[in-house]
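As a plain string of letters, each chain reads:
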Amino acid sequence: MRRAVCPGSFDPLTVGHLDVLARAAGLFDEVVVAVLVNESKSSLFNVEERLEMLRRGVADLPNVSVDSFEGLLVDFCRDHDVTAIVKGVRSAVDLGYEVQMAHMNERLAAVQTVLLPTAPDLSFVASSLVKEVARFGGDVSGLVPSFVLEPLRRRLEPPAQTALSHEDAT
Ligand code: PNS
């Protein structure tokens, strides 16, 4: 049986991620989506929220499961009997970074990486850009699954102004 991992931050899940997960599911017997738990990096959604988005997103892919990990990805691969890492590549910029990580993971534990070009019409979709556009009120529908739109809007809402009471104001 060939089991692969698709690692990432998924903050939040985008349609670009889902495209890569569906392609990976077609290539491997089993795919584990692994959310990186990184306390030193601030995220918009906590790990449990991101896991829940992924569970909903891959509900129609029977050979895909969802998990989280801390530390080195190669340790996760060893502990979960994973033989390949699958990553999506949107552009030449992605490619340079992904090849560097692939070489490092090969060097660390002889784990192979499969790089999948994303669908051309999704090559501009990135969680970071989605958050920036949504933060300033731009339309991100079609870039994230529909069930992510409302949590994203709520999370980016500016905190309500609390009116100063008469005592506070004096
Ligand atoms: O979605 P991202 O943030 O681009 O995903 C990056 C990720 C999680 C794949 C990468 O940071 C990673 O593998 N982190 C785990 C720590 C590790 O193994 N680092 C060495 C990578 S060569």
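You'll find the structure just up there.
Residues numbered from 1 in each chain as written. Predicted model: local features only at pLDDT ≥ 70, side-chain atom pairs only at ≥ 80, totals over all residues. Heavy atoms only, no water.

Concerning the environment of N105
Along the chain, N105 falls in helix α4 (residues 92-109). If near-sequence neighbours (up to four positions away) are discounted, N105 is found in contact with L73, V74, I85, A110 and V111. (Helix = DSSP H or I, 4+ residues; strand = E, 2+ residues; numbered from the N terminus. Contact = heavy atoms within 4.5 Å.)

Some remarks on the side chain of K131
If you trace the backbone, K131 turns up in helix α5 (residues 127-135). Of the residues examined, K131 reaches a relative accessible area of 16% and is grouped as buried. (Buried < 20%, exposed > 50% of the residue type's maximum accessible area, 1.4 Å probe, protein only.)

Notes on the site of the ligand
Every one of the 13 residues lining the ligand counts as a neighbour, but G8, S9, G71, L72 and L73 are closest to it. Taking S9, its side chain carries an N or O atom lying 2.6 Å from an oxygen atom of the ligand. One nitrogen or oxygen atom from the main chain of L73 is found 2.8 Å from an oxygen atom belonging to the ligand. Here the ligand has 550 Å² of accessible area as a free molecule, and 73% of this is covered by the chains. Among the cavities detected, the one that contains the ligand is the largest pocket. Of all the elements in the fold, those that place two or more residues in the shell around the ligand are β1 (3-8) and α4. For the shell around the ligand, the element with the highest residue contribution is α4, accounting for 3 residues. For the shell around the ligand, a count of residues per class yields 7 nonpolar, 4 polar and 2 charged. (Near = heavy atom within 4 Å. Polar contact = N/O pair within 3.5 Å; in protein donor to acceptor, adjacent residues only side chain to side chain. Areas by Shrake-Rupley, 256 points an atom, 1.4 Å probe, with all protein chains shown as cover. 1 Å grid on protein atoms, 1.4 Å probe; cavity = no way out; pocket = protein on both sides within 12 Å on 5 of 7 lines; lining within 4 Å. Sits in = over half its atoms within 2 Å of the grid points. Nonpolar A, V, L, I, M, F, W, Y, C, P; charged D, E, K, R; others polar.)

Considerations on the pairing of strand β3 (residues 64-69)
With 6 bridges connecting them, strand β2 (residues 30-36) and β3 associate as parallel partners. Residue pairing across strands places V33 opposite V66, the latter belonging to β3. Each parallel crossover has a hand, and the one from β2 via helix α2 (residues 47-57) to β3 is right-handed. (Pairing = 2+ DSSP bridges. Right-handed = clockwise from strand over helix to strand, strands pointing away.)

Focus: the packing of α2 against helix α6 (residues 146-156)
Between α2 and α6, the least distance of the axes is 10 Å, while the angle of their chain directions is 160°. It follows from the interaxial angle that α2 and α6 lie roughly antiparallel. The handedness of the crossing between α2 and α6 comes out as left-handed. Here α2 contributes E49, M53, R56 and G57 to the contact with α6, which in turn contributes F147, V148 and R155. Split into classes, the residues belonging to the contact of α2 with α6 amount to 3 nonpolar, 1 polar and 3 charged. (Axes fitted to C-alpha atoms, helices over the stretch in contact; angles between N-to-C directions. Parallel < 35°, antiparallel > 145°, perpendicular 65-115°, else oblique. Left-handed = near helix turned anticlockwise from the far one by under 90°.)

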